[in-house]
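Okay, here's what each chain looks like letter by letter:
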Amino acid sequence: MKEPISFVRKAVDLSLPDGRLSGEFIAPSGEPASPPGAPTLVFLHEGLGSIGQWRDFPDELCAASGLCGFIYERQGHGRSDPLVGKRTVAYLHKEALRVLPAVLEQANISNVVLIGHSDGGSMALLFAAAYPERVLGVVTEAAHVFVEDVTLAGIRKAVELYATSPMKQQLEKYHGANTEALFHAWADTWLAPDFRDWSIEYCLDRIRCPLLAIQGRDDEYGTPLQVETIVALAGQTAQPLIIDGCGHIPHHQAKRQVLAAVVPFLAGCISKSV
């Protein structure tokens, strides 16, 4: 019987014009972290996310799919440099269309499958629409393509919890000195009046790669209408997965179900690209 391949992580720093970003490659032990031209899973974290908050999900997905992976922390998150200046309504467009291309270039990743959670899912959709020739596939979890009332209610609840519960201390384990600025940048931007009309529905029909849109039915930040809209606008390459009894973090709350859906989806993406 064949021994399972052991995947290991290798830390790397990326130098971008706005600051240093922290990243990690996931690759088979003894092999290059980023084999030239090899399909690579790139994990894009949520609005308050970091490398550590993915836990072991990236490692398990890489091992199960046989694909190398790359995770990085956006500016102001985790061990990356602090945020500079105030975020605007266009911050997700900036991250997807300006920062992510620079990250992929420095990491020497040309053939990418994007795995995006929440804000990271919205980024994945924006990038796939703008650079269809560079993306082999997209998996989104709890991505937003427009702002719902339930989204804003969930963020208001998070603001309350940040002030009255151990939430701040829990986030500090991952973000350290970045925590305060990061939390308020996230909450204040989404709750700003001019963010209410934010939408990326206009670009979804430009996506050409296979797309799997996942959401928990009990997501406290969005309804299944997000997934329905993604699939309707992205066309025949898109498929939905709504998971019952699951909230905003399917890769933790329903990990087995997510892996069971994503692994064959990835195999299909790679076979179409050969």
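Now for a description of the structure that goes with this document. (Residues numbered from 1 in each chain as written. Predicted model: local features only at pLDDT ≥ 70, side-chain atom pairs only at ≥ 80, totals over all residues. Heavy atoms only, no water.)

This part takes up the packing of aromatic side chains. Two aromatic rings, taken as a pair, are described by how far apart their centres are and by the angle between their planes. In the structure shown here, the tally under the stated rule is 12 aromatic pairs. Taken together, a centroid distance of 6.2 Å and an interplanar angle of 20° make the contact between Phe70 and Tyr72 stacked. For the pair shown, Phe70 and Tyr72 are each scored as buried. Here the guanidinium or amino end of Arg134 rests over the ring plane of Tyr131, the centre of that ring lying 5.6 Å away. (Phe/Tyr/Trp six-rings, centres within 6.5 Å; stacked < 30°, edge-to-face > 60°. Buried < 20%, exposed > 50% of the residue type's maximum accessible area, 1.4 Å probe, protein only. Lys NZ or Arg CZ within 6 Å of the ring centre and 35° of its normal.)

Applying the stated criterion to the full structure yields 13 salt bridges. Notably, a salt bridge pairs Arg9 with Asp59, separated by 2.5 Å at the nearest N-O pair. Placement of the pair is Arg9 in strand β1 (residues 7-16) and Asp59 in helix α1 (residues 57-65), with a sequence separation of 50 residues. Relative accessible area serves as the criterion here: at 30%, Arg9 is assigned to the partly exposed category. Taken together, the shared-partner salt bridges connect Arg9, Glu24, Asp59 and Arg79 into one network. (Salt bridge = Lys/Arg side-chain N within 4 Å of Asp/Glu carboxyl O. Helix = DSSP H or I, 4+ residues; strand = E, 2+ residues; numbered from the N terminus.)

Moving on to helix α2 (residues 91-106). If you check α2, its first and last C-alpha atoms are 21 Å apart, about what 16 residues at 1.5 Å a residue would give, namely 22 Å. Buried within α2 are the following residues: Tyr91, Leu92, His93, Glu95, Ala96, Val99, Leu100, Pro101, Val103 and Leu104. Following α2 by one or two positions, Asn108 has its phi on the positive side, about 60°. (Expected span 1.5 Å × (residues − 1).)

Here we take up the state of the cysteines. The final tally for this structure, using the stated rule, is zero disulfides. Cysteine Cys203 shares no disulfide, and the gap to the nearest cysteine sulfur, in Cys209, comes to 12 Å. According to the relative accessible area criterion, Cys209 is buried, its value standing at 5%. (Disulfide = S-S within 2.5 Å.)

What follows deals with the packing of helix α4 (residues 149-164) against helix α6 (residues 179-191). Running from amino to carboxyl end, α4 crosses α6 at an angle of 150°, the nearest separation of the two axes being 10 Å. When the axis of α4 is compared with that of α6, the two are roughly antiparallel. Considering the relative orientation of α4 and α6, their crossing is left-handed. Counted together, Thr151, Leu152, Ile155, Arg156, Ala158, Val159 and Tyr162 of α4 and Thr179, Glu180, Phe183, His184, Trp186, Ala187, Trp190 and Leu191 of α6 form the full contact between these two elements. (Axes fitted to C-alpha atoms, helices over the stretch in contact; angles between N-to-C directions. Parallel < 35°, antiparallel > 145°, perpendicular 65-115°, else oblique. Left-handed = near helix turned anticlockwise from the far one by under 90°. Contact = heavy atoms within 4.5 Å.)

The subject of this paragraph is unusual backbone geometry. Located in the positive-phi region is Asn108, a residue other than glycine, with phi close to 60°. Along the chain, Asn108 turns up in the loop between α2 and β5 (112-117). Its relative accessible area of 46% is what places Asn108 among the partly exposed residues. Of note in the backbone geometry, Ser118 takes a positive phi value of approximately 55° without being a glycine. With respect to the helices, strands and loops of the structure, Ser118 is situated in the loop between β5 and α3 (119-130).

This part is about the layout of surface pockets. Estimated volume of the largest pocket: approximately 590 Å³. Glu46, Leu48, Gln53, Met167 and Ile249 are the residues nearest the centre of the largest pocket, which is lined by 27 residues in total. Of all elements in the fold, only α4, α5 (167-175) and α6 reach the threshold of two or more residues within the lining of the largest pocket. Ranked by the residues each element gives to the lining of the largest pocket, the list is headed by α4, at six residues. (1 Å grid on protein atoms, 1.4 Å probe; cavity = no way out; pocket = protein on both sides within 12 Å on 5 of 7 lines; lining within 4 Å. Points joined across faces, edges and corners; volume = space filled by probe spheres on them.)

Here we take up the sheet that holds β5. The strands making up a sheet associate through backbone hydrogen bonding, with each pair oriented either parallel or antiparallel. Strands sit in the order β1-β2-β4-β3-β5-β6-β7-β8 across an open sheet of eight strands; the sheet is mixed. Whereas interior strands pair on both sides, the edge strands pair on one side only; in this sheet they are β1 and β8 (238-243). The average angle at which neighbouring strand axes cross in this sheet is 20°, direction not considered. In this sheet, β8 lies alongside strand β7 (residues 211-216) in parallel orientation, the contact comprising six bridges. The residue of β8 that forms the bridge with Leu211 is Ala238. (Pairing = 2+ DSSP bridges.)

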